[in-house]
Amino acid sequence: METILRHRRIRTEVNDASTELNHESPLDRLGTCTVCRSNNDDISRITLCACDKGKNVSFSNSNLPSTPSLHHCERENTVIGLSRWQFMVLVLFFCLTTSVVVYAVVAIVIMSHRHVFNHNVVEHIGLESLMTFRQFDRDDDGYLSLDEFQPLAHLIKVENILKRYEYEQLVSTTDDHEVLSIEAFFQPLKLTTLSKDFKEFSLLADHDPSYGLKQWKTAADERKNFATKNFRIFLPPDGNIEVGFCWYMVKSSLSYSTTGQLSSNRYYPPRVHEAEVILHNLLRMFHSQVFIYSRFSPQGAAAIVRAQNEQYVDIMFRIHAEFQLNTPPQQPFWFTPAQFTGHIIINRASSHIDFFYLHVPSDNKLNVDLEWLNGPRESNTMEVDIGYIQQMELRSSSPSRTIGNVRHPEKIKKREEIAWISEMSERDALDVIEKEMYSFKQVCPFFIL
């Protein structure tokens, strides 16, 4: 009985305190929260639920704590019947699912539009043009970047799209014109002389920068006939046949370049004209993609009169040219011999040639420069290596002759068998050419004693 009266007194004090604070009692009945209806197990302690908007009630009963303890309402941390963490996981799953669906829809739309675009392009320009586009689209993203377009721009500039020019110099069939038969001798570059190991690309032809190099096993044309009249560019201009006279058969074009060198991001040679044609056809016996104008200095071809008599002239020459060994979609790969040197014994009228010889000197351990791109940007993807090629030469099989005398070739005369009126040594002649092509070597050194 005493306990019941004590509980009633406590309830009265709580209600009075709530009235004074202008706040309804948090207890509708003993031990129960009026909001969440959570029961208080310990009826000897009056606890105030946290859902009661944070207002505390003081009790005057000395048997109770001066500040009632607060229990946390479970209803406060729930959303639609889920705990806070369950709700956050649900939201995250919903966001991820939505993003995946959106990306899938966007991809389907893009691919459908791309298919329609390609179909329309094929109808207008044809399948061959579309395949050409895909050749230059190296990363296969459906677009040509400026770097990927650069090789195509060179083709457009020289009007050489979708075809390669053939420079056929007709061989006369009349009895009074002679032809010269030239043979090509070629041994592949020794891969063991390179510092780069290309074996890692052996199974990836489209991504192997050395693919063209590995496929180049023999000369493109092992034997070819040339009209002797086309070799007149090996004679000095204006008939100035004087021993030691040096001139350019093909002048350098780098003086017109603002960068000092030509682009490496190319595949097909530009068109050649006039005197360049015979050099192009000669070097094309090695490989079809020959560039008469190399990308950097020294560039062109120079010659010098080494010896002469009343009938013949012995001309020594030096040529700087290079080859592009790859085609799209492989990246460009440049094969640049150190130099081509040679000599020709020709009569003054350029109607007869006694001997012709051209080769890459092989007396040094390394004689070929290799450069290739690993990406469309040549500024930061160019790699360089140096190797050795043992034999790369052109040689006339016999003196020039008329068509009717093809079956009866004459014996080639040696230099020593020809009586020259005036001459200079071969070494001195090559030094003069070298100074002509390297202007800094024309400066004489001096020493301060």
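Not measured: the values here are computed from a predicted model. (Residues numbered from 1 in each chain as written. Predicted model: local features only at pLDDT ≥ 70, side-chain atom pairs only at ≥ 80, totals over all residues. Heavy atoms only, no water.)

Mind laying out the overall build of the protein chain, listing which residues take part and the relevant values?
When helices and strands are counted, the protein chain shows 8 helices and 21 strands. The proportion of buried residues among the 449 residues of the protein chain is 41%. Excluding contacts between residues fewer than 6 apart, the proportion of contacts in the protein chain whose partners are at least 24 apart in sequence is 68%. (Helix = DSSP H or I, 4+ residues; strand = E, 2+ residues; numbered from the N terminus. Buried < 20%, exposed > 50% of the residue type's maximum accessible area, 1.4 Å probe, protein only. Contact = heavy atoms within 4.5 Å.)

Explain the sheet that holds strand 18 (residues 382–387) to me, and be specific about the residues and the numbers.
The sheet built from 5 strands is open, its strands ordered 10-13-14-17-18 with antiparallel pairing. Both outer strands of the open sheet, strand 10 (290–291) and strand 18, are each paired with one neighbouring strand and no more. In terms of strand pairing, strand 10 meets strand 13 (residues 322–324) through 2 bridges, oriented antiparallel. Bridging across to strand 13, Phe-291 finds its partner in Glu-322. (Pairing = 2+ DSSP bridges.)

How would you sum up the confidence of the model for the protein chain? Please name residues and give values.
The pLDDT averaged across the protein chain works out to 76; a share of 64% of its residues lies at or above 70. Counting interchain partners and residues more than four positions distant, the pLDDT-below-50 stretch residues 20–77 has 89 contacts. (pLDDT = per-residue confidence, 0-100.)

Residues and numbers for the pairing of strand 16 (residues 353–359), please.
In terms of residue burial, strand 16 counts as a mostly covered element, since 7 of its 7 residues are buried. Strand direction decides the pairing type here: strand 15 (residues 340–347) and strand 16, joined by 6 bridges, are antiparallel. What sits directly across from Ile-346, in strand 16, is Ile-353. Remark: 5 residues form the turn of the hairpin made by strand 15 and strand 16, two consecutive strands paired antiparallel; Ser-350 in that turn has positive phi of roughly 55°.

For a nonpolar patch on the surface, give the residues involved together with the corresponding values.
A contiguous nonpolar surface patch, about 420 Å² in accessible area, is contributed by Trp-85, Phe-87, Met-88 and Val-91. Relative to the assigned elements, Met-88 resides in helix 2 (residues 84–125). (Patch = residues over 30% accessible without salt bridge, like charges linked within 9 Å, V, L, I, M, F, W, Y side chains within 5 Å. Areas by Shrake-Rupley, 256 points an atom, 1.4 Å probe, with all protein chains shown as cover. Salt bridge = Lys/Arg side-chain N within 4 Å of Asp/Glu carboxyl O.)

Which residues make up the pattern of salt bridges, and what values do they have?
Counting across every chain of the model gives 7 salt bridges. Note that Glu-423 is salt-bridged to Arg-306, the shortest N-O span being 3.3 Å. Residue Glu-423 is located in strand 21 (residues 422–423), and its partner Arg-306 is located in strand 11 (residues 300–308); the two are separated by 117 residues in the primary sequence. Its relative accessible area of 49% is what places Glu-423 among the partly exposed residues. The exposure class assigned to Arg-306 is buried, which follows from its relative accessible area of 5%. Linking Asp-431 and Arg-427 is a salt bridge whose minimum nitrogen-to-oxygen distance equals 3.1 Å. Of this pair, Asp-431 and Arg-427 both sit in helix 8 (residues 426–437), 4 residues apart, which is roughly one turn of that helix. By relative accessible area, which is 28% here, Asp-431 ends up partly exposed. A single salt-bridge network, built from bridges that share partners, covers Arg-295, Glu-322 and Glu-371.

Now, about the side chain of His-287: what can you tell me, with residues and values included?
Position of His-287 among the secondary structure elements: in the loop between helix 6 (275–283) and strand 10. His-287 gets classed as buried once you look at its relative accessible area, which sits at 12%. Of the polar contacts made by the side chain of His-287, one reaches the backbone nitrogen of Gln-289; its length is 3.1 Å. (Polar contact = N/O pair within 3.5 Å; in protein donor to acceptor, adjacent residues only side chain to side chain.)

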